[in-house]
Amino acid sequence: MTQPPSSQPPQGGFGAPQDKPQGPPAQPQGPPPQPPHMPPAPPAQPPQMPPGPPAGAPGYGYPQAPGQQPGYGYPQGPPPQPGYGYPGAPGQPPTQGNPYAQTQQGGYGYPGQPQYPGGPVPPQGGGGKNPFKGKPAMIVAAAVAGLLVVGGGVFLATSGGDDDKKPVADKTNSATPSGSPSVDKGDGKGDGRPDDSGDVNAGIKPGEARVWYHENETPLTQNGAAQYGPWRVGDVVVKAMYKEAVGYSVADGKEKWKVSLDTPICGAPHDTTADGKIVFGVQENNTKDAKCNQLQMVDFAAGKAGWKAPVPSENTFDIMVSFDMAISGNTVALARMGGASGFSIADGKKLYGTPKTGNCRSDAFAGGPKLISVGTCTDPNDNNLDSPPSELLQELDPATGKSKWNYQYDKGWTIRRVYSMDPLVVYATNKDKKTWNISTFTADGKVRSQVDSKAQLTANCSGFGIVDRQLQDCSGTAADANTLYISTEGKRSDDLGVGRSNEVIAIDLATGKEKWHSAAPKGRMMSPLAVDGGQVVLYIEPGIDDAGAAVATLPATGGTPQITLQSPGAASGTERNFYSPHTVWAGGRLFLLNGRVKSPKGDERDNSILSFGK
């Protein structure tokens, strides 16, 4: 059995090149387990990119001319395929729910938008391949499903406002947060707004958790808007959308403050700073062709807007359509087509610019306890335009952009997602080979293990993972120091073929092997949210029998999920109508944020945010 790759990766950090070339990253202590089969070498054909928009195509959040395809965040191509957790056509991964399909179906986990053109297709009886040069392949039996769809947008879709198309209603904007409403603990008929069956907290039983939620009341342009967040800061949970960030009391959902922005948001990081500050990418103006070239800091702890700063172009090809952003320490890093930069969150000053890491440039970032960069590399000795590029995984010093370690993947492999930052767990695909790989890295960039599972693993992710990679925009996975917890695609329940049930699998990060499986309640789908107090926290979707959504826990040793928070049955219909939600567990509460909302129209309102907990 051969060792992992020993070819030298590109030298130098993010920013100026290093003075001295360094050797390749250290290798793991031993090779991964020998796979049962060895796939052939991948072809030299690069992955197909999704088609760009037609010339002059309207941008993010703006009206479409008749006959045109919708813009950012909308499906392209064939009619919608079944959604996350439901069966799809052979050889296709399941997809997420599309809130703007002609016929709306249920919510999270129901049929919706198709996968993007050219997306990786799961192997039929094949498996994941080792992307590391010189190392034997790690065969895995099924594809990670539903990872590259919903909420991400059309390839190179333009962003911007539209002076000619105003929102359906006017609303006064203020540069300062709105005043907090009076304290109201509620009687079950307030923010838990009634649906067709009445109050969502109607008939609540002892021990059940009261639900609060909001519908979108903000006038928007024709295509609606993506929502960002949620972020919990103390006793406030925050969401951002279009030209606003709103903070709600976590206890009862009452609005605490609102920060109104002058122009639409065009990028947001996964994390805030330790003291609750965030930096958004915002458009330069409200016109249709506006660039995404401004940064706006907002202090969530204070509920106030801070500094605003421009983002200078790094080169002639620096196309500022949207930002892929990450916060680590006191730095916000942002990547876009043609450039990347780092800025100080304290004052908005630029810290470093376009990467100078050999022949690689950063395309995406993941943040939090460390700053991870994914870069695309070209081969100066290969003039064949059909040759697939290779990609470089790095940890950067957030303050300087210098590389702490590099790890280069083989040609043809694309890094799609970061499932965990600490430990670092990375998901990658090889489109041509229809294979995938999940690898865990040590703190100094060595390969610790690669997942070896025959289960149909899946995660709930937004975005195409091509232009705006949104490396951290996934739920459905969690990790501690030694174990990755990930859900399976699931299968139909036995009763009348209605409903689906799945499992959560624990993967040993030292070996990549399965440790245990835990089954969801019959007819329910569940997914990991976090590891909290040594327990795996799980989200259980609403049941087909009007059972409300729930939160359950599992010990690190496995077993049967034990429900710790149960929402009322009257809330199940509302909970189902969250499409492609961002699902977050924070401070003992569950938060669901709708991935995208439309403008209010008559009595019609899209669900915006929902929460329940103790």
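The structure this text deals with has already been given above.
Keep in mind it's a predicted model, so treat the numbers as computed, not measured. (Residues numbered from 1 in each chain as written. Predicted model: local features only at pLDDT ≥ 70, side-chain atom pairs only at ≥ 80, totals over all residues. Heavy atoms only, no water.)

When its secondary structure is counted, the protein shows 1 helix and 38 strands. Long-range pairs, those at least 24 residues apart, make up 58% of the contacts in the protein between residues at least 6 apart in sequence. Here the protein displays about 23700 Å² of accessible surface, and carbon together with sulfur accounts for 51% of that area. (Helix = DSSP H or I, 4+ residues; strand = E, 2+ residues; numbered from the N terminus. Contact = heavy atoms within 4.5 Å. Areas by Shrake-Rupley, 256 points an atom, 1.4 Å probe, with all protein chains shown as cover.)

So, about the environment of Glu541. Within the secondary structure, Glu541 sits in the loop between strand E32 (535-540) and strand E33 (550-555). What makes Glu541 buried here is its relative accessible area of 7%. C-alpha separation for the pair Glu541 and Gly523, spaced 18 residues apart in sequence, amounts to 9.6 Å. (Buried < 20%, exposed > 50% of the residue type's maximum accessible area, 1.4 Å probe, protein only.)

Here the focus is the environment of Leu371. Looking at the element boundaries, Leu371 is found in strand E15 (residues 371-377). Spatially, the C-alpha atom of Leu371 lies 8.5 Å from that of Ala333, the residues being 38 residues apart in sequence. If near-sequence neighbours (up to four positions away) are discounted, Leu371 is found in contact with Ala326, Ser328, Ala333, Tyr352, Phe365, Ala366, Gln394, Glu395, Leu396 and Pro398.

Bringing the sheet that holds strand E21 (residues 447-450) into the picture now. Adjacent strands of a sheet form backbone hydrogen bonds with each other and so pair up, either parallel or antiparallel. In spatial order, the strands read E18-E19-E20-E21; together these 4 strands make up an open sheet with antiparallel pairing. The outermost strands of the open sheet, each flanked by one partner alone, are strand E18 (414-420) and E21. Taking the axes of each pair of neighbouring strands and ignoring which way they run, one obtains an average angle of 30° across the sheet. Sheet analysis places E18 next to strand E19 (residues 424-430), joined by 5 bridges and oriented antiparallel. Residue pairing for E19: Thr414 is matched across the bridge by Thr429. (Pairing = 2+ DSSP bridges. Axes fitted to C-alpha atoms, helices over the stretch in contact; angles between N-to-C directions.)

Another point: the pairing of strand E7 (residues 277-282). Judged by how many residues are buried, E7 sits mostly within the fold: 5 of 6 residues are covered. Strand direction decides the pairing type here: strand E6 (residues 265-267) and E7, joined by 2 bridges, are antiparallel. The residue bridging Gly267 from the neighbouring strand is Gly281, located in E7. Two elements, E7 and strand E8 (residues 294-299), share 6 bridges in a ladder whose sense is antiparallel. Each residue of the ladder has a partner; that of Ile278, found in E8, is Val298.

It is worth spelling out the nonpolar core at this point. Formed by 33 residues in total, the largest nonpolar core has its most connected members in Trp231, Val279, Phe280, Leu295, Phe300 and Phe323. The contact partners of Phe300, leaving out residues within four places of it in the chain, are Trp231, Val233, Val238, Ala245, Trp257, Thr272, Gly276, Ile278 and Phe280. (Core = buried A, V, L, I, M, F, W, Y, C linked by side-chain atoms within 4.5 Å.)

The subject of this paragraph is the state of the cysteines. All told, the structure shown has 2 disulfides when counted by the stated rule. Across the disulfide from Cys266 sits Cys292; the S-S distance is 2.0 Å. Linking Cys266 and Cys292, the disulfide has an S-S dihedral of approximately 80° and is accordingly described as right-handed. In this pair, Cys266 sits in strand E6 while Cys292 sits in the loop between E7 and E8, placing the two residues 26 residues apart along the sequence. (Disulfide = S-S within 2.5 Å.)

Turning our eyes to something else, we now look at the sheet that holds E6. The strand order across the open sheet formed by 4 strands is E6-E7-E8-E9, and the pairing between neighbours is antiparallel. On the outer flanks of this sheet lie E6 and strand E9 (304-310), each paired with one strand and no other. For this sheet, the mean angle separating the axes of adjacent strands, direction not counted, is 40°.

Now for unusual backbone geometry. In the segment running from Gly229 into Pro230, the intervening peptide bond is cis, with an omega of 0°. Along the polypeptide, Pro230 turns up in strand E2 (residues 225-233). Positioned with a positive phi, Asp546 is a non-glycine residue whose angle comes to about 70°. On the secondary structure map, Asp546 appears in the loop between E32 and E33. Look at Asp546 and you get partly exposed, because its relative accessible area is 48%.

None of this, on its own, says anything about what the molecule does.
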